[in-house]
Amino acid sequence: MDIPVIVNIILSILSFFLAVTSIVIVVITLQQNSKMIESSTRPIMSVYTQTVIINQPITYLIVRNNGNSSAYMKKFDVDTDFTGCYFVQNNQNYIEEFSKCVFAPNQSRVCALDVEKLDKIVHFTLEYSSCIKTY
């Protein structure tokens, strides 16, 4: 073999490895971009309380979607029975209603609680989904 043929073979092998490397880099970049887009557009549900004092303190239980897409609630469980703790007694089970809701971006649902009737820490379990994934 003469030198130009050897150089062409070496250059062909190097071109092949560079092409494969660039394809791998593109695939990894697309996966990372997909993760970033999903994390920036996913629903983010939060449950918290806020107390307002006008004549007497009233504590509100707030369930809010802080994300950028709708959240479809699948499960909203609490380890405490709130029966008798709601300020408005109209036989409405707010916790059960929360478990059937669709929360639009930045939408919240609120119910007033009498926290003096609660004597322990409350734990919530949420399961919700976007159009693509369940959280």
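Residues numbered from 1 in each chain as written. Predicted model: local features only at pLDDT ≥ 70, side-chain atom pairs only at ≥ 80, totals over all residues. Heavy atoms only, no water.

1. A short note on the overall build of the protein
Keep this limit in mind: To qualify as a helix, a DSSP run of H or I must reach at least 4 residues; to qualify as a strand, a run of E must reach at least 2; elements of each kind are numbered from the N terminus. Atoms considered for the radius of gyration are the C-alpha atoms alone. The globule rule reads 2.2 Å times the number of residues to the power 0.38. Using a 1.4 Å probe on the protein chains alone, a residue whose accessible area is under 20% of its type maximum counts as buried, one over 50% counts as exposed, and one in between counts as partly exposed. Note on contacts: a residue pair is in contact if any heavy atoms of the two residues lie within 4.5 Å. Values of accessible area rely on a 1.4 Å probe in the Shrake-Rupley scheme; residue burial ignores everything except the protein chains shown. Two residue types count as positive, namely Lys and Arg, and two as negative, namely Asp and Glu; His and chain ends fall outside the count. Charge positions come from single atoms, namely NZ of Lys, CZ of Arg, CG of Asp or CD of Glu.
When helices and strands are tallied, the protein shows two helices and six strands. For the protein, the succession of helices and strands along the chain, N to C, is α-β-β-β-α-β-β-β. For 135 residues, the compact-globule formula gives about 14 Å, and the C-alpha radius of gyration of the protein, at 27 Å, lies well above that figure. Dimensions of the protein, computed from the C-alpha atoms along their principal axes, are close to 95 × 25 × 25 Å. Per-residue burial over the protein gives 23% buried out of 135 residues. Intrachain contacts of the protein at a sequence separation of at least 6 include 71% that bridge at least 24 residues. Of the roughly 9,500 Å² of accessible surface on the protein, 60% is carried by carbon and sulfur atoms. Between the centroid of the 10 positive side chains of the protein and the centroid of its 11 negative side chains there is a distance of 4 Å.

2. Quick look at the sheet that holds strand S4 (residues 102-103)
Condition: Between any two strands, at least two bridges found by DSSP are needed for them to pair.
Read from one edge of the open sheet, three strands run S4-S3-S6, paired in antiparallel fashion. Each having just a single partner strand, S4 and strand S6 (124-129) make up the two edges of the open sheet. Note that strand S3 (residues 71-78) and S4 share two bridges and pair antiparallel. Paired with Tyr 72 across the bridge in S4 is Val 102.

3. A word on the nonpolar core
Selection rule: Grouping buried Ala, Val, Leu, Ile, Met, Phe, Trp, Tyr and Cys residues that are joined through side-chain atoms within 4.5 Å yields what is termed a nonpolar core.
By size, the foremost hydrophobic cluster in this structure holds 16 residues, and its most contacted members are Met 45, Phe 98 and Phe 103. When residues of this core are traced back to their parent elements, those giving at least two are strand S2 (57-65), S3, helix H2 (94-98) and strand S5 (108-113). The contact partners of Phe 103, leaving out residues within four places of it in the chain, are Met 45, Val 63, Asn 65, Ser 69, Ser 70, Ala 71, Met 73, Phe 98, Ser 108 and Arg 109.

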